[in-house]
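Inside the fold
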Amino acid sequence: MCSHCCSTPSLDQVPASLILCMDSKVTMEAGGLPLELWRVILAYLHLPDLGRCSLVCKAWYELILSLDSTRWRQLCLGCTECRHPNWPNQPDVEPESWREAFKQHYLASKTWTKNALDLDSSVCFSLFRRRRERRTLSVGPGHEFDSLGSALAMASLYDRIVLFPGVYEEQGEIVLKVPVEIVGHGKLGEVALLASIDQHCSTTRLCNLVFMPAWFSPFMFKTTSGHVQFDNCNFENGHIQVHGPGTCQVKFCTFKNTHVFLHNVPLCVLENCEFVGSENNSVTVEGHPSADKNWAYKYLLGLIKSSPSVLPTEDPDSLMSLDLESRDQAWSPRTCDIVIEGSQSPTSPASSSPKPGSKAGSQEAEVGSDGERVAQTPDSSDGGLSPSGEDEDEDQLTYRLSYQVRGPRPVLGGSFLGPPLPGASIQLPSCLVLNSLQQELQKDKEAMALASSIQGCLIRKCLFRDGKGGVFVCSYGRAKMEGNIFRNLTYAVRCIHNSKIVMLRNDVHRCRAAGIFLRLEGGGLIAGNNIYHNAEAGVDIRKKSNPLILCNQIHHGLRSGIVVLGNGKGIIRNNQIFSNKEAGIYILYHGNPVVSGNHIFKGRAAGIAVNENGKGLITENVIRENQWGGVDIRRGGVPVLRSNLICFGYSDGVVVGDEGKGLIEGNTIYANKGCGVWMMSSSLPHVSSNHVSYNGLYGVAVFSQKDGSGEFPGGHGAQENFSEDGDAILWETELEKDDDPLRRPVTTALVESNSINHNGASGLYVQSSEALHIVTNVIHANGDRGITVAQSGQLTRVANNSISCNRQSGVKVEAQCKVELRGNGIYDNRGHGIITKGDSTVVIENDIIGNRGSGLQLLPRSDTKVIKNRIHSFRAYGIAVRGRAKALVQENIIFQGKTNKTIFQQISNNRDCVMQNNKFLVFKKKSDTWRLVNPPARPHLDNSLRGPSAAHGGQKVTAMATRITARVEGGYHSNRSIFCTIL
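Residues numbered from 1 in each chain as written. Predicted model: local features only at pLDDT ≥ 70, side-chain atom pairs only at ≥ 80, totals over all residues. Heavy atoms only, no water.

1. Overview of the overall build of the chain
If you tally the helices and strands in the chain, you get 13 helices and 82 strands. Taking all 983 residues of the chain together, the buried fraction comes to 58%. The contacts in the chain between residues at least 6 apart in sequence include a share of 57% that link residues at least 24 apart. Here the chain has roughly 38900 Å² of accessible surface; of this, 50% comes from carbon and sulfur atoms. (Helix = DSSP H or I, 4+ residues; strand = E, 2+ residues; numbered from the N terminus. Buried < 20%, exposed > 50% of the residue type's maximum accessible area, 1.4 Å probe, protein only. Contact = heavy atoms within 4.5 Å. Areas by Shrake-Rupley, 256 points an atom, 1.4 Å probe, with all protein chains shown as cover.)

Written out as structure tokens, the structure reads:
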């Protein structure tokens, strides 16, 4: 090894008494010397003697190993050919074993001589040939040679040339024709070499030197076919160039404003190096690895495989967790009985039954604005109320009307989400739980193969800082980066022109542009990295690049976390993306990634934004606590948003803005302070099979024009700069044909098969001048009406929905609206079943049963057709016609409510109300039972309300596995929607 390792006393200098003890193999048992004393004695031995002592016996071997933190540490730190094993990234952290670190460096330092063994073994009669001893040539004032050039002229194979302290400037290019070792004597920095070296031999090693470029060339060292090894050197203000099939091995070196250029290298290792102050790229890897490999390739490959890997073996702790509440219940229609008697309905909670004689027990539902009834009864646990429980006379006749009320469907693997109370919790299904990197690699064989591959350039445990660029990989180049730190650079890594990178366990932070940049079909694996505090996106993917981004932490960026644009692709999976100033993931200009299994939270803008014709498959993500909404789709964005949990947002859950499109299917949208889904009907969104609950405002709000939301809040309205050079780039010249089979065409905005429940305002609010279809939804226990149609310039079709237990009316239609209600079940709402002012309302084949107000209330100047419905009101009229309402009431079955109410009410002189062929059912005796049969109770949803798992080829939601926590702040915004703005 180095001379310093042999500077301690040898066995010849050890006292004779110690030699006698060793020779007689004194055992370390009772009566012998204590172990502590043996360790003190052995601390005087140098490396060869330690090796000999370890061969004495097992006890001696274990004793030598026990010197790890003393003698082995001293040997490792005292060696002038290496530095601290964790330099430069963690010089204060001790290695797991000093002996193992010392061993690894010793083996690595001998790689350059492996060629000599190959040559010796190939010579005939090598057993009879005497091996030539290596010479040591000294260079310096007062020594054998005055210059490096003169020493090289006299050097033979594998000689060692020692440069003593001083500055050596060579006036011409030095050509290495024979394998030699050039070593600086003394401390690093005492020997400086100003030279341009061109290697023509098979191997060489340079150690403990400071390199500077000669006056005539910026290249300090270059090789085209041989192997070069640099240990503990400094390089300043020049270039190093290695061409394939040449190889290089660099360890414990510092590069100050130095560019390392690797062209077509089959294998190159840069380890424990520091790159500082580069004016361009610190390392450039260009060209596909050469198929021709020199002699050193197999030895470098073996050395890499034998050294410790940075691949994880254990699951790291998650940064965040989310607490919600779960209730294990089965999804099935409930059968409710209407009972007019003193007993309590089996579906009513005890708290909802007032005491006999109380005011609440006898009061009517109060009349609100526009004649709308609002019940003044307490809330129940699920928002549902049975019409029973009123205090009636003992002799009151009793009847039962049996029908079905469909409550909300379970989500997240069969669980119901309760109110978002502080300290409550929900367990996530396994499909939404973050896996460790090792688990992901075990599941994905292709990712495992990438992570294990070694090709081109391997850079590990290096520090890149305070310069322009870190690593630049281009023109089919291959590079692998493990355990590095990139900080205070313009960018950390750029990968372009069909190149591939593998990045494992790196720190990328405080870059002045994007941290990792891929373009022109770049790709590879970016896994387990910590990417934060970058001025632009943490990862920028564009121009058909297609990387796998796996298990990273991307956070606290000054712009977006990940940007995909310009036909960029990629798989973004199982990452934690949080606390970024703009969108966690931003997709635009025909970017089309697959985004799955990520946790995206606490962003200062949207969780995911899809703009400017962006696409993407966004599935099974947890998107929570973002400032301006969970997912924002605008300006031609057309993603598939499926099976995500979007919760606790400070604005709306999902926003489909101007010209936004896409499929929003099977998501759980929960406890956002604004609307669950806010969308513009002109954008033709398709909202299907979602669970929208406990949001502060509307469950789903549909608008047709912009309002004040067009203003960018907080000064974040500036256009994102996606140009490499700061200029705007038009990507329209590279657009791909939109042939995605996941996106079926939609000609009308569609809200279908959703469960919309327990939201703060109306379950579904419509203010639109475009056509809209609302079909097969469960709209239950919302804080205002079930459905409010405030504006409907074209036909709004409401069909086959279950609308139940809402705080006010089931459906309200405002003036000048065109609405068709067909096949709906409207049950147990606290106001009227349907209240309408519309001038073109069709109510056909609905079941309007058990509502606190009238079953159907027609307000003045409305024009309504009421055909083939089954209508019942508990305490009010089946149908109430107020003022000069125009109506055709035909072929309906109307059940009688209380005895002191008539079935139908209208003013006597209203000739615009036509009654034809209606059937009125009045009870005649006790215990009369009416049932909704032929057809059974509406809506008929058996085949239409299906969950996302049935719609997507058997996706399975398995057992709960983890728990996440979040702060739930009380109080919701009121009066109007909170709109998400994408930045």
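2. Section: the side chain of Asn-782
Mapped onto the elements of the fold, Asn-782 is located in the loop between β62 (778-780) and β63 (787-792). Here Asn-782 falls in the buried class, since its relative accessible area comes to 2%. For Asn-782, the side chain forms a polar contact with the main-chain oxygen of Ile-756, separated by 3.2 Å. Apart from residues no more than four positions distant in its own chain, Asn-782 is found in contact with Ile-756, Asn-757, His-758, Asn-759, Ala-761, Ser-762, Gly-763, Cys-805, Asn-806 and Arg-807. (Polar contact = N/O pair within 3.5 Å; in protein donor to acceptor, adjacent residues only side chain to side chain.)

3. Here we look at the confidence of the model for the chain
Per-residue confidence for the chain averages 78 on the pLDDT scale, and 71% of its residues sit at or above 70. When pLDDT is averaged over each helix and strand of the chain, the minimum, 27, is found for strand β82 (residues 960-963) and the maximum, 98, for strand β35 (residues 530-532). In this model residues 313-369 is a low-confidence stretch, pLDDT under 50, and it forms 153 contacts with partners more than four residues away in sequence or in other chains. Contacts for the low-pLDDT stretch residues 706-720, under 50 throughout, to residues beyond four places or in other chains number 23 contacts. (pLDDT = per-residue confidence, 0-100.)

4. Remarks on the pattern of salt bridges
Per the stated rule, a full pass over the model turns up 27 salt bridges. Its salt-bridge partner being Glu-582, residue Arg-559 comes within 3.1 Å of it at the nearest N-O pair. Here Glu-582 lies in the loop between β41 (576-578) and β42 (585-587) and Arg-559 lies in the loop between β38 (553-555) and β39 (562-565), a separation of 23 residues in the sequence. Grouping residues by exposure puts Arg-559 and Glu-582 together as buried. (Salt bridge = Lys/Arg side-chain N within 4 Å of Asp/Glu carboxyl O.)

5. Examining the packing of aromatic side chains
Scanning the model with the defined rule gives 16 aromatic pairs in all. Relative to Phe-486, the ring of Phe-464 lies with its centre 4.8 Å away and its plane at 10°, an arrangement referred to as stacked. One end of the pair, Phe-464, is in strand β28 (residues 463-474); the other, Phe-486, is in strand β30 (residues 485-495), with 22 residues separating them in the sequence. Assessed through its relative accessible area of 0%, Phe-464 is described here as buried. Clustering of aromatic rings is evident, with ring pairs tying together Phe-211, Phe-221, Phe-230, Phe-235, Phe-255, Phe-275, Phe-464 and Phe-486. A cation sits over an aromatic face here: Arg-494 above Tyr-491, 5.4 Å from the ring centre. A cation sits over an aromatic face here: Arg-624 above Phe-601, 4.3 Å from the ring centre. (Phe/Tyr/Trp six-rings, centres within 6.5 Å; stacked < 30°, edge-to-face > 60°. Lys NZ or Arg CZ within 6 Å of the ring centre and 35° of its normal.)

6. A closer look at the environment of Ser-150
Its place among the elements puts Ser-150 in helix α8 (residues 148-154). Its relative accessible area of 28% is what places Ser-150 among the partly exposed residues. Taking the C-alpha atoms as reference, Ser-150 lies 8.9 Å from Val-139; in sequence the two are 11 residues apart.

7. Overview of the side chain of Asn-621
Counting through the fold element by element, Asn-621 comes out in the loop between β46 (617-619) and β47 (622-624). With near-sequence residues (within four places) excluded, Asn-621 lies in contact with Leu-432, Val-595, Ser-596, Gly-597, Asn-598, Ser-643, Asn-644 and Leu-645.

8. A look at the pairing of strand β67 (residues 818-822)
In this sheet, β67 lies alongside strand β64 (residues 796-799) in parallel orientation, the contact comprising four bridges. Each bridged residue has a counterpart across the sheet, and for Thr-796 the counterpart in β67 is Val-819. Sheet analysis places β67 next to strand β70 (residues 840-844), joined by five bridges and oriented parallel. Pairing of Leu-821 across the sheet is with Val-843, part of β70. (Pairing = 2+ DSSP bridges.)

9. What to know about the pairing of β63
Where strand β60 (residues 764-768) meets β63, five bridges bridge the pair, whose relative direction is parallel. When the sheet's bridge partners are listed, Val-766 is paired in β63 with Val-789. Alignment of β63 against strand β66 (residues 811-813), held across three bridges, turns out to be parallel. Each bridged residue has a counterpart across the sheet, and for Val-789 the counterpart in β66 is Val-813.

10. Let's talk about a nonpolar patch on the surface
On the surface, Leu-33, Leu-37, Val-40 and Tyr-44 cluster together into a nonpolar patch covering about 360 Å² of accessible area. Among the secondary structure elements, Val-40 is positioned in helix α2 (residues 35-42). (Patch = residues over 30% accessible without salt bridge, like charges linked within 9 Å, V, L, I, M, F, W, Y side chains within 5 Å.)

11. Considering the environment of Ser-704
Looking at where Ser-704 falls in the secondary structure, it is placed in the loop between β57 (700-703) and β58 (749-752). Exposure remark for Ser-704: the relative accessible area of 12% places this residue in the buried category. Taking the C-alpha atoms as reference, Ser-704 lies 5.9 Å from Ser-769; in sequence the two are 65 residues apart. Ignoring anything within four residues of it in the chain, the contact list for Ser-704 reads Met-680, Ser-681, Ser-682, Gln-767, Ser-768, Ser-769, Glu-770 and Gln-791.

12. Overview of unusual backbone geometry
In most cases, non-glycine residues show a negative phi, while peptide bonds are predominantly trans. Put simply, Trp-87 and Pro-88 share a cis peptide bond, and its omega is 5°. Summarising the element assignment, Pro-88 is placed in the loop between α5 (68-78) and α6 (98-109). The linkage connecting Gly-244 with the following residue, Pro-245, adopts the cis geometry, with an omega of 10°. Even without a glycine there, the phi angle at Lys-461 is positive, about 60°. With respect to the secondary-structure elements, Lys-461 resides in the loop between β27 (456-460) and β28. Residue Lys-461 is classed as partly exposed on the basis of its relative accessible area, which comes to 29%. Within the chain, Asn-574 stands out as a residue other than glycine whose phi angle is a positive 65°. Of the residues examined, Asn-574 reaches a relative accessible area of 5% and is grouped as buried.

13. Some details on the packing of α2 against helix α4 (residues 58-65)
Put simply, α2 and α4 touch, their axes get as near as 10 Å, and they point 70° apart. When the axis of α2 is compared with that of α4, the two are roughly perpendicular. For the pair formed by α2 and α4, the contact residues are Leu-35, Trp-38, Arg-39 and Leu-42 on the first element and Trp-60, Leu-63 and Ile-64 on the second. Looking at side-chain class alone, the contact of α2 with α4 contains six nonpolar, no polar and one charged residues. (Axes fitted to C-alpha atoms, helices over the stretch in contact; angles between N-to-C directions. Parallel < 35°, antiparallel > 145°, perpendicular 65-115°, else oblique. Nonpolar A, V, L, I, M, F, W, Y, C, P; charged D, E, K, R; others polar.)

14. Some words on helix α9 (residues 297-306)
Within α9 the residues assigned to the buried category are Tyr-297, Leu-300, Leu-301, Leu-303 and Ile-304. Within α9, the buried residues cover an arc of 165° as seen down the axis, which keeps them to one side. Structural note: α9 exposes Lys-298 and Lys-305 on the side pointing more than 90 degrees away from its buried face. (Arc of directions from axis to C-beta.)

15. Regarding the environment of His-143
Along the polypeptide, His-143 turns up in the loop between β1 (136-139) and α8. When the C-alpha positions of His-143 and Phe-164 are compared, they lie 8.7 Å apart, and in sequence the two are 21 residues distant.

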